[in-house]
Amino acid sequence: MINSKKIVSLFTAAAMTAGVFTLSVNAEEEPKSVSILYAAQKDGEFIDVPHYMTVTDGIAEEYGYDVIAKDIDEPTFLDALVTASKEKYGDKFTKETASQYLAVNDYGFLTTMYQNPASATGYYINSKSSAASNQAVINDGDSAELFFYQDTAGYSDKYTFFDAKEKTVKTGESFDLTLTMSGYDENWQTVESPVDGTSDKNAVTINTVNADGSISEPLEASIDANGKTSLKFDEPGTYIVTAQGFVNETNPIVAPICIVTVYQSPFSISEDGTVEVKLDNVTSADLVIAKYNEEKRFVSAQTSKLDFNDGKAVSDKKAENGDVITVWNTLNNMEPVTAAEVAKY
């Protein structure tokens, strides 16, 4: 006769074993990964051009580096530096050769980076001075910047930053950036102030970063007393805006960065308010010109049927300053045309 109690006991034990096993497997979580904006500069140029990269917790340990705080389970600045080195040097960067490219001392501060002596370096996360590389945690969406001091005697370099790390604008659209410099007072407290472009003591130009990390010729853009500069780009593309020069007569600046994405607007509007739309692969659509009040509440709208010829159409309705213009595809259940982003006239 089969012993039912024994079967139940065996089933229960097996289930418990399976449960324990399942729990232990679920506890093995994937290492945390974050996407950041990373850049490194040396001698007035970018040795690592500003770009986005994914950093995973633990990659530093994987290549033989020590983390002081063993309980840190998030990516650190050191993880970012290892990731950047792996990107730059590829298969040459291994656990055995890593220290030739990147080395840190027992306190987590750099001694070598990009195969250069790196004891005179600074690191900033989100435009704030960072702790030792193997202790400074980075989060998704952060910016992480490394720079080599140009003044290795007095360490007088001034870190500067724009009020935005990213901008998206239309071709020909003017936009503003404000340049601020960071330093320390007599008590080593951080002090931030706008870069006064009208001061004789400051000689700073606005530039862009070339693909190889070198710096372009100065743009035709001035900086006012409050650090504000106005720019526009007539061609679509991605531009990395930066600055070069000195403040306080002799202090070299750490170059700021702002990645500007410039897209070709499908709208062009003449002085009398006539709207021309350029869209590929569209034969007909509805253009909507909407008005909103100061509280951004909808007030009214007028529509115009568009018939495209060679990718172009002209509205029989006119826009006024402040109107919001959109294009809707009449052939696809009134879904908005993706290429026709909201534009303000």
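Check the entry above for the structure.
The text that follows walks through the structure, step by step, so that each part is easy to find. (Residues numbered from 1 in each chain as written. Predicted model: local features only at pLDDT ≥ 70, side-chain atom pairs only at ≥ 80, totals over all residues. Heavy atoms only, no water.)

## Examining the sheet that holds strand 18 (residues 267-269)
Note: strands within a sheet are paired through backbone hydrogen bonds, in either parallel or antiparallel orientation. To keep things clear, this is the line we draw: Two strands qualify as a pair provided DSSP detects at least 2 bridges between them. Helix numbers and strand numbers start at the N terminus; a helix is a DSSP run of H or I with at least 4 residues, a strand a run of E with at least 2. Axis angles are defined between N-to-C directions and span 0 to 180 degrees, where every axis is a line fitted to C-alpha atoms and, for a helix, only to the segment in contact.
An order of 18-19-22 is seen for the 3 strands of this open sheet, with the pairing classed as antiparallel. Each edge of the open sheet carries a strand with a single partner, namely strand 18 and strand 22 (312-318). Neighbour to neighbour, the strand axes of the sheet diverge by 25 degrees on average, direction disregarded. In terms of strand pairing, strand 19 (residues 274-278) meets strand 22 through 4 bridges, oriented antiparallel. Looking at strand 22, one finds that T274 is bridged to K318.

## Topic: the environment of G197
We count it as follows: By definition in these notes, contact holds between two residues if any of their heavy atoms fall within 4.5 Å.
In this fold, G197 is placed in the loop between strand 12 (190-194) and strand 13 (203-208). For the pair G197 and A225, spaced 28 residues apart in sequence, the C-alpha to C-alpha distance is 5.4 Å. Excluding residues that lie within four positions of it along the chain, G197 makes contacts with I223, D224 and A225.

## Side note on the sheet that holds strand 7 (residues 128-129)
The strand order 2-1-8-6-7 describes an open sheet built from 5 strands, whose pairing is mixed. In this open sheet, the two edge strands, each paired with only one partner strand, are strand 2 (45-56) and strand 7. Bridge analysis of strand 1 (residues 33-42) against strand 2 gives 9 bridges, and the strand direction is antiparallel. Bridging from a neighbouring strand, Y38 pairs with H51 of strand 2.

## Some words on the nonpolar core
Note the cut-off: Put simply, buried Ala, Val, Leu, Ile, Met, Phe, Trp, Tyr and Cys residues joined by side-chain atoms within 4.5 Å make one nonpolar core. Exposure categories follow from relative accessible area, calculated using a 1.4 Å probe and restricted to protein chains: below 20% of the type maximum is buried, above 50% is exposed, and the middle band is partly exposed.
Among the nonpolar cores identified, the biggest contains 32 residues, and Y38, M113 and L146 are the most heavily contacted of them. Within the residue set of this core, elements represented by two or more residues are strand 1, strand 2, helix 2 (59-62), helix 3 (77-89), helix 4 (98-101), strand 4 (110-113), strand 6 (121-125) and strand 8 (143-148). Element by element, the count of residues in this core is highest for helix 3, at 7 residues. Ignoring any residue separated from it by four or fewer positions in sequence, one finds L146 in contact with Y38, A39, A40, Q41, F77, L81, L110, M113, Y114, T121, G122 and Y123. Formed by 21 residues, the second largest nonpolar core is a distinct cluster that contains V169, F175, A221 and C258.

## What about helix 3?
Condition: To estimate the expected span of a helix, count its residues, drop one, and scale the result by 1.5 Å.
For helix 3, with 13 residues, the first-to-last C-alpha span of 18 Å sits near the 18 Å given by 1.5 Å per residue. Of all 13 residues that make up helix 3, 10 are buried, and the element is covered over most of its length. Of all the positions in helix 3, only F77, L78, D79, A80, L81, V82, T83, A84, S85 and Y89 are classed as buried. The positive-phi residue at the C-terminal boundary of helix 3 is G90, with phi of around 60 degrees.

## Notes on the pattern of salt bridges
We apply this condition: Salt bridge, as used here, is a side-chain nitrogen of Lys or Arg placed within 4 Å of a carboxyl oxygen of Asp or Glu.
As enumerated under the stated definition, the model contains 9 salt bridges in all. Note that D272 is salt-bridged to K318, the shortest N-O span being 3.3 Å. Highlighted residues: D272 in the loop between strand 18 and strand 19 and K318 in strand 22, separated in sequence by 46 residues. Classification of D272 by relative accessible area gives partly exposed; the value is 45%. Between K317 and D316 there is a salt bridge, and its shortest N-O distance comes to 3.6 Å. One salt-bridge network, held together by shared partners, links K291, E320 and D323.

## Details of unusual backbone geometry
Despite not being glycine, Y155 shows a phi value in the positive range, around 50 degrees. Turning to its location among the elements, Y155 is positioned in the loop between strand 8 and strand 9 (158-162). Taking the relative accessible area as the measure of exposure, Y155 reaches 43% and is therefore partly exposed. Phi is positive for N281, close to 60 degrees, though the residue is something other than glycine. In this structure, N281 sits in the loop between strand 19 and strand 20 (284-292). Judged by relative accessible area, N281 falls into the exposed class, the value being 83%.

## Side note on the packing of aromatic side chains
Put simply, the rule reads: Pairing of aromatic rings covers Phe, Tyr and the six-membered ring of Trp, with a centre-to-centre limit of 6.5 Å; geometry is then stacked below 30 degrees between planes, edge-to-face above 60, and tilted otherwise.
Per the counting criterion, the structure on display carries 13 aromatic pairs. For the ring pair Y184 and W188, a centre distance of 5.6 Å and an interplane angle of 50 degrees mean the geometry is tilted. Given a relative accessible area of 40%, Y184 falls into the partly exposed group. Residue classification places W188 among the exposed residues on the basis of a relative accessible area of 66%.

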